[in-house]
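# Structural overview for review
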Amino acid sequence: MVITGRQDRSTDAARADNGGTTRRTAVLSVGTLLAGSMLPAMTTFAASAASQSSGKTGQKTLVYLSAKQDLPFWQSIGKGVRAVAIANGYSYFELDSRLSVDLQAQNTHAALARGVAGIVVSPVDSQSAPDVLAIARKAKVPVAIADIGTTGGDYLTYVKSDNYRGGFQLGIELAQAMKERGWQNGGFALVTISLARKNGLDRTNGFRDAMKEAGVGQEVALRQMQDYSEQETWRFVKEILESSANLRGLFIETDQPVRGALRALKEAHRSNEVLMVSFDAMPEVADLLKNKSLFAVGMQQPYLMGRRAAEALLANFAHAEVAKQMLVPILLGTGKNIEQLLPQ
């Protein structure tokens, strides 16, 4: 049995309308595609693990608590969790926290009320994650964290992308390109994900360290996303362009807002004057890289992250040792190699 957060919500807050956002059903992330091609055959754990429950309704179930379910990255993590759950005889459902700390806590209680065996969570932010962990610990239900991270608390494992290395690699690529164009004295700006998240800090610090090491440019602006929309990033980049005539580099730290940045550059007639790099990969990333609208992208592997988190839960049920942290590499995509990175 498969129940999604949209079909069977457990709280009134989780039943609220999604604001009309259309969820994509096609392939939404290069990371999703790549993970499917790079994984070994799925491990099916011992029957004793899959039947560890006492037989009560809902106990043989895994749940994914998503930070924001309408974004491709979180959808892909959920697909990875689901694949492992279903292959091992577990039912599965998702609950959407919609970037709300309060709703995240409600969703945790709702999941536990349904007798789940294990939780995979992508927290709203690192500061709120300990609350989820404390609620689950009280119920003696293991939690695997997939991305974002936590400032404390008891958890089974933390599956994360190597965000610092990914940000650093993008900074090196951008710095080299700016030097080649004679733009080494130009400014650069960042539109970041929340810096209350460990992954946001790692991504940002890696990029900054690379630019500093390369001795290129000066940071002229930093804006933190709040709602992660294209419109928000369009506004941020528009403001940066208006105040920074010498802007030459731009780092957008997640995928969908890239469209807003592209629109702002086009409207300002500066598309050919500013190099943009980003994280994650919307469906049109190959075209954007090849036509040079986007210079480089750090491609996470969210499907693989979801699988690793779910596999850790099942390994724990089978009393196997589980690493406290699992690091998933980030792939650097450019116009030169994107076709090789994409599955045929």
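Residues numbered from 1 in each chain as written. Predicted model: local features only at pLDDT ≥ 70, side-chain atom pairs only at ≥ 80, totals over all residues. Heavy atoms only, no water.

What the 6 strands build is an open sheet, ordered S7-S6-S8-S9-S10-S12; its pairing is mixed. Both outer strands of the open sheet, strand S7 (218–224) and strand S12 (331–334), are each paired with one neighbouring strand and no more. In this sheet, adjacent strand axes meet at a mean angle of 15° when their direction is disregarded. With 3 bridges joining them, strand S9 (residues 275–279) and strand S10 (residues 296–299) adopt parallel strand pairing. Each bridged residue has a counterpart across the sheet, and for phenylalanine 279 the counterpart in S10 is glycine 298. Sitting on the sheet, helix H7 (residues 198–214) is in contact with strand S6 (187–192), S7, strand S8 (247–252) and S9, with an inclination near 170° to S6. Together, S8 and S9 form the strand contacts of helix H9 (residues 258–267), whose direction differs from that of S9 by roughly 170°. (Pairing = 2+ DSSP bridges. Helix = DSSP H or I, 4+ residues; strand = E, 2+ residues; numbered from the N terminus. Axes fitted to C-alpha atoms, helices over the stretch in contact; angles between N-to-C directions. Contact = heavy atoms within 4.5 Å.)

Another aspect to go through is the pattern of salt bridges. One pass over the full model with this rule turns up 15 salt bridges. With its nearest N and O atoms 3.3 Å apart, the salt bridge here joins glutamate 230 to arginine 259. Residue glutamate 230 is found in helix H8 (residues 230–243), and its partner arginine 259 is found in helix H9; the two are separated by 29 residues along the sequence. Note on glutamate 230: relative accessible area 34%, which makes it partly exposed. The class for arginine 259 is buried, based on a relative accessible area of 17%. Two residues, glutamate 311 and arginine 308, come together in a salt bridge whose shortest N-O distance is 3.0 Å. Separated by 3 residues within a single helix, glutamate 311 and arginine 308 lie in helix H11 (residues 302–317), roughly one turn from each other. (Salt bridge = Lys/Arg side-chain N within 4 Å of Asp/Glu carboxyl O. Buried < 20%, exposed > 50% of the residue type's maximum accessible area, 1.4 Å probe, protein only.)

With that out of the way, let us pick up the packing of helix H3 (residues 72–87) against H11. Two elements in contact, H3 and H11, have axes separated by 7 Å at closest approach and are oriented at 40°. Taken together, the axes of H3 and H11 lie oblique to each other. The handedness of the crossing between H3 and H11 comes out as right-handed. Residues Phe73, Ser76, Ile77, Lys79, Gly80, Val81, Ala83 and Val84 of H3 form the contact with H11, whose participating residues are Pro302, Tyr303, Met305, Gly306, Arg307, Ala310, Glu311 and Leu314. Its residues assigned to classes, the contact of H3 with H11 shows 10 nonpolar, 3 polar and 3 charged. (Parallel < 35°, antiparallel > 145°, perpendicular 65-115°, else oblique. Left-handed = near helix turned anticlockwise from the far one by under 90°. Nonpolar A, V, L, I, M, F, W, Y, C, P; charged D, E, K, R; others polar.)

With respect to the helices, strands and loops of the structure, aspartate 70 is situated in the loop between strand S1 (61–66) and H3. Residue aspartate 70 is classed as buried on the basis of its relative accessible area of 11%. Spatially, the C-alpha atoms of aspartate 70 and aspartate 96 are 8.6 Å apart, while their sequence positions differ by 26 residues. A distance of 2.9 Å separates a polar atom in the side chain of aspartate 70 from a polar atom in the side chain of lysine 68. (Polar contact = N/O pair within 3.5 Å; in protein donor to acceptor, adjacent residues only side chain to side chain.)

This part takes up the sheet that holds strand S2 (residues 91–96). Pairing is parallel across the open sheet formed by 6 strands, whose spatial order is S2-S1-S3-S4-S5-S11. Two strands bound the open sheet, and with one partner strand each, they are S2 and strand S11 (325–328). Strand-to-strand twist across the sheet, computed as the mean angle between neighbouring axes with direction ignored, equals 15°. Bridge analysis of strand S4 (residues 143–146) against strand S5 (residues 157–161) gives 3 bridges, and the strand direction is parallel. If you follow alanine 144 over to S5, its bridge partner there is threonine 157. Sheet strands touched by H3: S1, S2, strand S3 (118–121) and S4. Its angle to S2, the strand with the most contacts, is close to 160°. Seen against the sheet, helix H4 (residues 101–113) touches S1, S2 and S3 and runs at an angle of roughly 160° to S2.

Coordinates in, geometry out; function isn't part of it.
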